[in-house]
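Spelled out, the chains give:
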Amino acid sequence: RQFSPANQQTRASDTFSFRATDTPPDTMGKGGEQPAMIANEHTWAEVTKHRTPNDAWLVCNNKVYDVSGWHDHPGGDVIFTAAGDDATDTFAMFHAAGTTKHLDQFCIGALDADSRKQYPSEDDKPEEQLAFERGYRQLRQKIKAMGLFESSPLYYAYKQLSTMAIAATCAVLIATFTTTSPADRLVRVGAAAMLGIFFQQCGWLCHEILHHQVFKNRAVGRAVGYAWGNVAQGFSVSWWMNKHNTHHAVPNVHATGADAQNGDPDIDTMPYLAWSKPMLRLALSPFSKFMVSHQHLAYFPLLALARISWLQQSVAYVLNLDETAGRQVKGAPGELKPVQHETLEIALLGLHYAWYVALAALHPTLVDAALFVLVSNVVCGLALATVFGLGHNGMAVYDAAKRPDYWKLQVTTTRNVTQDWTGFTHWFCGGLDYQVEHHLFPSVPRHNLRKVSELCKAFCAEHGLSYHETGIIAGNVEVLTHLKDLAHDFLTQFPAM
């Protein structure tokens, strides 16, 4: 079953009574600069004029904040995905209790009484929508009260040790089977594939740690994240957090403009793949026209190269190699996003390549070493990207200005994967088989997602909503069918292109 409210323009906001005394006299704005005090109450018409990173207003619990240029935000530029919009539920998704007080310095007023019952588009919210929003916020409180945001230290100790065991086994096999015989070579190829799975499992661990599922102390979590991300997997933590947090806030969403941050980087796949009809219009070069016309055939070959692309993006991001590295602030030429512990990140990425090259050097010939590099990277790329693709590809795509409310956005852009009796699906997908629940409540640990899923299904049934769930094979067929249909549209509806 699949719910797709194509024409709904829904947002989340809480009722809040604003008093002039709620704003301290030293209120800050413009990313920490002292702003000129503006009228205490604002309308959505005024808020939605400020949608870019260097001109960003957002709403949280009906207060209005000016966070323009706040690139030192600890979570990265994800904060700008809510520029000109309601950040109430996105804020709750990413932040620990008590974090709201840090926003006080940016407060410039509150939404007026009429706007509190409107979408940012200024359309009125029906009472059932307001009740729906209260309902899913109450569900979050219920999940918290049940202790489902609490992680098990024993579970994550087991996950980390068992993941390290994969790498250790791989190293032992490569060091033991050292001849050029067909049998030894086959063992080493198997070990390389095993290392690819190790990289994938590192990705899941780092993902959970940096979503604060494992450690309540975020400094500890980031430090352990460096070990599993930069050292073990070869992906920059800063690059990943900036990209992935943005994806979580606006999954399958097209930005309102080139200088806005409110689009999902995970569907920014042109000139190779188009996930919506608006993306078809971007296929302008002969190469892009060819790729989009055959994108259903190119999908899995492109996934095989995904790890190599992410490795390159990680290095480019921390070193700021060129304007495509992702460090440039949109709408502010020459301004770079900060990287926490930049020197440390570079050093730890270097450590990853040191141990990886050392493993490759254990092979008896250059051909064997090249085969090791090829297999380990291709297996990881396919294993990681296939799961990512199952989560969102082929699902609803929205324009940022017309995206639905927080719950409907996450549910309609996300696909769950059904379980199998062996538990393989849950292990292979790293918990992202419960992608819907993970997107709704990203700091819920993997081992609690099944219980959260039961609550989410009940909530959807109560409110007449449903979410999409399918098997691994059927899910991939849906993705390929979606790509093929868009390729057909490109050839038939855009003949001049």
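A brief look at the structure comes next. Given the structure is predicted, the values throughout are model-derived calculations rather than measurements.

Right, let's get into the overall build of the protein chain. Across its full length, the protein chain holds 18 helices and 10 strands. Relative to the 2.2 N^0.38 estimate, which gives 23 Å for 497 residues, the radius of gyration of the protein chain is 23 Å and therefore close to what a compact globule would have. Judged by the C-alpha coordinates and their principal axes, the protein chain covers about 80 × 55 × 50 Å. The buried share among the 497 residues of the protein chain stands at 53%. Pairs at least 24 apart in sequence give 71% of the contacts found in the protein chain among residues at least 6 apart. Accessible surface, the protein chain as shown: approximately 21,000 Å² in total, 62% of it carbon and sulfur. Charge centroids of the protein chain, computed over 39 positive and 46 negative side chains, lie 5 Å from each other.

Turning to helix 18 (residues 472-493), a few remarks are in order. Relative to the 32 Å expected for 22 residues at 1.5 Å per residue, helix 18 spans 31 Å between its end C-alpha atoms, a close match to the ideal helical length. Taken together, the buried positions of helix 18 are occupied by Gly-475, Asn-476, Val-479, Leu-483, Leu-486, Ala-487, Asp-489 and Phe-490. Along the axis of helix 18, the buried positions cluster into a sector of 160°, meaning they face one direction only. In helix 18, the exposed positions that point more than 90 degrees away from the buried face belong to Ile-473, Lys-484 and Leu-491. On its buried face, helix 18 sits against helix 8 (277-280), helix 9 (286-293), helix 10 (295-304), helix 13 (366-392), strand 9 (415-417) and strand 10 (468-470).

Moving on, we come to the nonpolar core. If you look at the biggest cluster of nonpolar residues, it comprises 66 residues, and the most contacted ones within it are Leu-195, Phe-198, Trp-228, Trp-275 and Phe-372. No other element matches the 12 residues that helix 5 (residues 182-210) contributes to this core. For Leu-195, the residues in contact, after removing those within four places along its chain, are Cys-170, Trp-355, Tyr-356, Leu-359, Phe-372 and Ser-376. One finds Leu-139, Leu-148, Phe-441 and Tyr-467 within the second-largest nonpolar core, a separate group that totals 26 residues.

In this structure, the amide linkage connecting Met-270 to the following residue, Pro-271, adopts the cis form with an omega of 15°. Its location among the elements puts Pro-271 in the loop between strand 7 (253-254) and helix 8. Even without being a glycine, Asn-252 presents a positive backbone phi close to 55°. Along the chain, the position of Asn-252 falls in the loop between helix 7 (237-249) and strand 7. Of note, the phi angle at Asn-320 is positive, near 50°, even though the residue is not glycine. Locating Asn-320 in the fold gives a position in the loop between helix 11 (306-319) and helix 12 (342-361). Its relative accessible area of 22% is what places Asn-320 among the partly exposed residues.

Direction vectors running N to C along helix 11 and helix 12 enclose 145°, while the axes themselves pass 10 Å from each other. Along this stretch, helix 11 crosses helix 12, giving a crossing that reads as left-handed. Only Glu-342, Glu-345, Ile-346, Leu-349, His-352 and Tyr-353 of helix 12 make contact with helix 11, whose side of the interface consists of Arg-307, Leu-311, Ser-314, Val-315, Val-318 and Leu-319. For the contact of helix 11 with helix 12, the class distribution of residues is 7 nonpolar, 2 polar and 3 charged.

Cut-offs used in this document
Residues numbered from 1 in each chain as written. Predicted model: local features only at pLDDT ≥ 70, side-chain atom pairs only at ≥ 80, totals over all residues. Heavy atoms only, no water. Helix = DSSP H or I, 4+ residues; strand = E, 2+ residues; numbered from the N terminus. Rg over C-alpha atoms; globule rule 2.2 N^0.38 Å. Buried < 20%, exposed > 50% of the residue type's maximum accessible area, 1.4 Å probe, protein only. Contact = heavy atoms within 4.5 Å. Areas by Shrake-Rupley, 256 points an atom, 1.4 Å probe, with all protein chains shown as cover. Lys, Arg positive; Asp, Glu negative; His and termini not counted. Charge placed at Lys NZ, Arg CZ, Asp CG, Glu CD. Expected span 1.5 Å × (residues − 1). Arc of directions from axis to C-beta. Core = buried A, V, L, I, M, F, W, Y, C linked by side-chain atoms within 4.5 Å. Axes fitted to C-alpha atoms, helices over the stretch in contact; angles between N-to-C directions. Left-handed = near helix turned anticlockwise from the far one by under 90°. Nonpolar A, V, L, I, M, F, W, Y, C, P; charged D, E, K, R; others polar.

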